[in-house]
Amino acid sequence: MDSSPTYQDVVAAAARLLGHAHRTPVLRSSTIDGRLGAQLHFKCENFQRMGAFKFRGAFNALSRFTPAQRRAGVLAFSSGNHAQAIALSARLLEMPAAILMPLDAPVSKVEATRGYGAEVIQFDRYTQDREALAAGLAQERGMTLIPPFDHPDVIAGQGTAARELFEEAGELDALFVCLGGGGLLSGSALVARALAPRCKVYGVEPEAGNDGQQSFRTGRIVDIPTPKTIADGAQTQHLGRYTFEIIRRDVDDIFTVTDAQLVEAMKFFAERMKMVVEPTGCLSLAGACHAGLDLKGRRVGVIVSGGNVDLQRFASLVA
Ligand SMILES: *Cc1c(COP(=O)(O)O)cnc(C)c1O
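Numbering of residues starts from 1 in every chain and runs along the sequence as written. Residues qualify for local features only when their pLDDT is at least 70, as the model is predicted, and side-chain atom pairs are given and counted only at 80 or more; totals for whole chains, interfaces and linings, by contrast, use all residues. For side-chain calculations, the full set of non-hydrogen atoms in the structure is used, while hydrogens and water are omitted.

### Comments concerning the overall build of the chain
So, step 1. Across its full length, the chain carries 14 helices and 10 strands.
So, step 2. Radius of gyration means the value over C-alpha atoms here, while the globule rule gives 2.2 Å times the residue count to the 0.38 power. Expected size for 319 residues packed as a compact globule is a radius of gyration near 20 Å; at 18 Å, the chain falls within 12% of this value.
So, step 3. Looking at the chain residue by residue over its 319 residues, the buried ones come to 60%.
So, step 4. A separation of at least 24 residues holds for 73% of the contacts in the chain among residues at least 6 apart in sequence.
So, step 5. For accessible areas, the Shrake-Rupley method is used with a probe of radius 1.4 Å. Any residue's cover is judged against the shown protein chains and nothing else. For the chain, the accessible area works out to roughly 12600 Å², and carbon and sulfur atoms hold 49% of it.
So, step 6. Asp and Glu are treated as the negative residues and Lys and Arg as the positive ones, with His and the ends of the chain left uncounted. The atoms used to mark charge sites are NZ of Lys, CZ of Arg, CG of Asp and CD of Glu. Considering the chain, the positive charge centre built from 34 side chains and the negative charge centre built from 34 side chains are found 4 Å apart. Secondary structure elements are taken from DSSP: a helix is a run of H or I of four residues or more, a strand is a run of E of two residues or more, and numbering for both begins at the N terminus. A simple rule labels every residue: compare its accessible area, found with a 1.4 Å probe on the protein chains alone, to the largest value its type can have, and call it buried under 20%, exposed over 50%, or partly exposed in between. Contacts are assigned to residue pairs that have any heavy atoms within 4.5 Å of one another.

### Notes on the packing of helix H9 (residues 183-195) against helix H11 (residues 241-250)
So, step 1. Interaxial angles span 0 to 180 degrees and are taken between N-to-C directions of axes, which are lines fitted to C-alpha atoms, for helices over the stretch in contact. Following both chains from N to C, one finds H9 and H11 inclined at 45 degrees, their axes separated by 9 Å at the closest point. Comparing the axis directions of H9 and H11 gives the class oblique. Of the two possible hands of crossing, H9 and H11 adopt the one that is left-handed. Between H9, through Gly183, Leu185, Ser186, Ala189, Leu190 and Arg193, and H11, the contact on the second element is made entirely by Thr243, Ile246, Ile247, Arg249 and Asp250.
So, step 2. Under this grouping Gly is polar, as are all residues other than the nonpolar Ala, Val, Leu, Ile, Met, Phe, Trp, Tyr, Cys and Pro and the charged Asp, Glu, Lys and Arg. Within the contact of H9 with H11, the residues separate by chemical class into five nonpolar, three polar and three charged. Angle categories: roughly parallel below 35 degrees, roughly antiparallel above 145, roughly perpendicular from 65 to 115, and oblique for all the rest. The handedness criterion is simple: a crossing whose near helix is rotated anticlockwise from the far helix by less than a right angle is left-handed, and one whose near helix is rotated clockwise is right-handed.

### Describing the pattern of salt bridges
So, step 1. For this document, the term salt bridge refers to a Lys or Arg side-chain nitrogen within 4 Å of an Asp or Glu carboxyl oxygen. Using the criterion set out here, one finds 14 salt bridges in the structure.
So, step 2. Between Arg28 and Asp33 there is a salt bridge; the shortest N-O distance is 2.7 Å.
So, step 3. What makes Arg28 partly exposed here is its relative accessible area of 40%.
So, step 4. The salt bridge involving Glu167 is made with Arg163; its shortest N-O contact spans 3.6 Å. Highlighted residues: Glu167 and Arg163, both in helix H8 (residues 152-169), separated by four residues, approximately one helical turn.

### Some details on the nonpolar core
So, step 1. Take the buried residues of types Ala, Val, Leu, Ile, Met, Phe, Trp, Tyr and Cys, join any two whose side-chain atoms come within 4.5 Å, and each joined set is a nonpolar core. Counting 37 residues, the largest nonpolar core has Leu40, Phe42, Phe176, Leu262, Phe269 and Leu285 as its most contacted members.
So, step 2. Once residues within four sequence positions are removed from consideration, Leu262 is found in contact with Ile230, Ala231, Val257, Pro279, Cys282, Leu283 and Ala286.
So, step 3. Judged by nonpolar contacts, the second largest core, of 31 residues, contains Leu175, Leu185, Val191 and Ala196.

### Quick word on the side chain of Arg163
So, step 1. Judged by relative accessible area, Arg163 falls into the buried class, the value being 18%.
So, step 2. Not counting the four nearest positions on each side in its chain, Arg163 is found in contact with Tyr7, Val10, Val11, Ala14, Val191 and Leu195.

Remember, this is a structural readout, not a statement about activity or role.
Quick look at the structure:
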């Protein structure tokens, strides 16, 4: 195992991403501030390239390939956004990419991945072990496997979003982060501990898939069956070894929210902030609203992780 990433790796990732990733806006809403009696600062990664923060980790990881690795290309497995992030980064860095995607992945995500020029290989996520499949393919083709969250370069890249948020918003009392496998949360926590040691860092995951909360509370990585939730980017079965180590050390707590609470946040973003946010991207705001914390008078960061949702699906969820 390579060594665990540090804040310095996030700084190095930010330099690699300069001119390639968007510096996404930090937006405010007086409606939500009034409702919670707090000051919320939304870091809007739904406006990132390919529509989610995952571009940051993928581009950072692929930028570090050796010339031989670049020639053979990259392999990834993903329920969606990591796939698009790897596909786009591979195209920008001119290397081949093959992506393993579940058969029930949103159509828009499969098509976007193919659209970026990657080869898509589909599998059944409820019966097949994607990690074993991916490892076999990587060996066959000599490609380098880049996992969606448990990789030092991926974690460091994801951390750059929180770094930009602290640069822009200044001191924060609390930071809410969407949690799947923990790449975004662990990267954000590295940044918070370095730049704002007093800021509380919270992960938010779907109630149906609270493996992260269980792992955090029990002190060991808990594995669960693929959860059924509308938050398709957080249907992970377990945290990673790198992400868990950082989360255990640097995160203050992990909360869960229901699908109904995610829909309520989706409606809020659409109605009040004029933004399309995918269900997984609503975890952080839903957590800030429903964790039961008193945020009155607090300065709160909310990382909005992505905006990739089929319009049909979006319409039926908010209807
Ligand atoms: C991947 C993803 C997440 C979860 O990120 P992890 O690093 O796996 O915790 C959250 N939101 C969106 C939009 C994602 O694509």
